[in-house]
Each structure stands twice: as C-alpha cells, then as structure tokens.
Amino acid sequence: MSSKSTTPRPHHPAVLALEAQRAANLQLRIADWITAFAGSMRFVYAHVVLFAVWMLFIEKSPWPTLTLIVSLEAIFLSTFVMIGQNRQAAFQQTKADHDFNESELELKTNTQLTREIHALTTELHRRLVEK
C-alpha cells in the first residue's frame, strides 16, 4: 500500500503566475516541450536507434557526416539547457520575491501584534496594580 497521496498538491502562486506567462508565449511553450523531450529517456532511445541505423545501414563511412550532425545537435541542446536554466532562475527569483514580500508582511503583522499585546498588558497592569 502506497502512502503517497493521489491528489495534486496546490502550486505556489509564483509557480502559477510563471506557468501562465510561459503558456501565453508560443516560443516558450516550444522551448519547454523540446527541453522536456531532450531530458527524457525517449530522447536517448531515439538517438540510439537513429545512430545505429545510420551507422549500420545508411552510410558506409558515417563518421564525418554523423560528427557534424552530433555537433550541431549538441549546440542546440546546450541552448535548450540554458533556456531551462534561465526558466528555473526566473522561477527562483519570482518565488524569492514573493517569499520576501510575505515575510515582510508577516514581520509587520507580528510587530503590530506585539505592540498591541504590550499596550493591553500595560493597560491591564495599570488597572489591576494601580487600583
């Protein structure tokens, strides 16, 4: 029996805002799809099959062309890795800003509550002790 819940956990507001922003931009959706695919085992399996077929059946001397193709692919994949890193950095900054604002609000609220408790305690002390 699994102890994991099947209900999805709610997302952080910064996550929802960033997802909405990315969903509104076609280029970012394409980049996200490519990044997700390039980071999957399907990508690895497809390359194993394609390279094996290329080397065994398509060209008698596949190395020069295959080297060029693999080099170009590496350039594009490194670009998509950087896009993914930029996306993660943007998310982390958005969440950090949100968390900072929330902690500042909480600090203000706690400070105000502390002042009110102090005022009530002082007033209670004045009424009970100075009677």
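Predicted model only: the values in this text are computed from it and were never measured.

Caption draft 1: Highlighting the overall build of the protein chain. Within the protein chain, the regular secondary structure consists of four helices and zero strands. Going from the N terminus to the C terminus, the protein chain shows its helices and strands as α-α-α-α. By the compact-globule yardstick of 14 Å for 131 residues, the protein chain is too spread out, its C-alpha radius of gyration being 28 Å. Each principal axis of the C-alpha distribution contributes one length, and for the protein chain these read about 105 × 40 × 25 Å.

Caption draft 2: Region of interest: the packing of helix H2 (residues 26-38) against helix H4 (residues 63-129). Across the interface, H2 lies against H4 with an axial gap of 10 Å and an inter-helix angle of 110 degrees. With respect to H4, the element H2 is oriented roughly perpendicular. Crossing angle aside, the handedness with which H2 passes H4 is left-handed. Note on element contacts: H4 touches H2 through Leu77, Phe80, Ile83 and Arg87, opposite Ala31, Asp32, Ile34, Thr35 and Ala38. Residue composition of the contact of H2 with H4, grouped by class: six nonpolar, one polar and two charged.

Caption draft 3: Representation of the side chain of Asp32. Turning to its location among the elements, Asp32 is positioned in helix H2. Asp32 has contacts with Arg22 and Arg87, leaving out every residue within four places of it along the chain.

Caption draft 4: Inspection of a nonpolar patch on the surface at higher detail. A cluster of nonpolar residues, Val49, Val53, Leu56, Phe57 and Ile58, forms a patch on the protein surface that exposes about 550 Å² of accessible area. Inspection of the secondary structure assignment puts Ile58 in helix H3 (residues 41-58).

Caption draft 5: Fine view of the environment of Phe91. Among the secondary structure elements, Phe91 is positioned in helix H4. Taking the C-alpha atoms as reference points, Phe91 and Ala20, separated by 71 residues in sequence, lie 12 Å from one another. Residue contacts for Phe91: discarding those within four places in its chain leaves Ala14, Val15 and Leu18.

Caption draft 6: Molecular detail of the environment of Arg22. Mapping Arg22 onto the fold places it in helix H1 (residues 13-23). Between the C-alpha atom of Arg22 and that of Arg87, which follows or precedes it by 65 residues, the distance is 9.3 Å. Apart from residues lying up to four places away in sequence, Arg22 is in contact with Leu28, Arg29, Asp32, Ile83 and Arg87. Of the polar contacts made by the side chain of Arg22, one reaches the side chain of Asp32; its length is 2.7 Å.

Caption draft 7: Spatial organisation of the environment of Ala38. Considering the arrangement of structural elements, one finds Ala38 in helix H2. The spatial distance from the C-alpha of Ala38 to the C-alpha of Thr67 is 19 Å, given a sequence separation of 29 residues. Here Ala38 is in contact with Phe43 and Leu77, once residues within four sequence places are set aside.

Caption draft 8: Just the packing of aromatic side chains, in detail. Scanning the entire structure with this criterion turns up two aromatic pairs. Considering the side-chain rings of Trp33 and Phe37, the 5.7 Å spacing of their centres and the 5 degrees angle between planes classify their relative orientation as stacked. Residue Trp33 and its partner Phe37 are both found in helix H2; the two are separated by four residues, about one turn of the helix. We classify Trp33 as exposed; its relative accessible area is 56%.

Criteria and thresholds
Residues numbered from 1 in each chain as written. Predicted model: local features only at pLDDT ≥ 70, side-chain atom pairs only at ≥ 80, totals over all residues. Heavy atoms only, no water. Helix = DSSP H or I, 4+ residues; strand = E, 2+ residues; numbered from the N terminus. Rg over C-alpha atoms; globule rule 2.2 N^0.38 Å. Axes fitted to C-alpha atoms, helices over the stretch in contact; angles between N-to-C directions. Parallel < 35°, antiparallel > 145°, perpendicular 65-115°, else oblique. Left-handed = near helix turned anticlockwise from the far one by under 90°. Contact = heavy atoms within 4.5 Å. Nonpolar A, V, L, I, M, F, W, Y, C, P; charged D, E, K, R; others polar. Patch = residues over 30% accessible without salt bridge, like charges linked within 9 Å, V, L, I, M, F, W, Y side chains within 5 Å. Areas by Shrake-Rupley, 256 points an atom, 1.4 Å probe, with all protein chains shown as cover. Salt bridge = Lys/Arg side-chain N within 4 Å of Asp/Glu carboxyl O. Polar contact = N/O pair within 3.5 Å; in protein donor to acceptor, adjacent residues only side chain to side chain. Phe/Tyr/Trp six-rings, centres within 6.5 Å; stacked < 30°, edge-to-face > 60°. Buried < 20%, exposed > 50% of the residue type's maximum accessible area, 1.4 Å probe, protein only.

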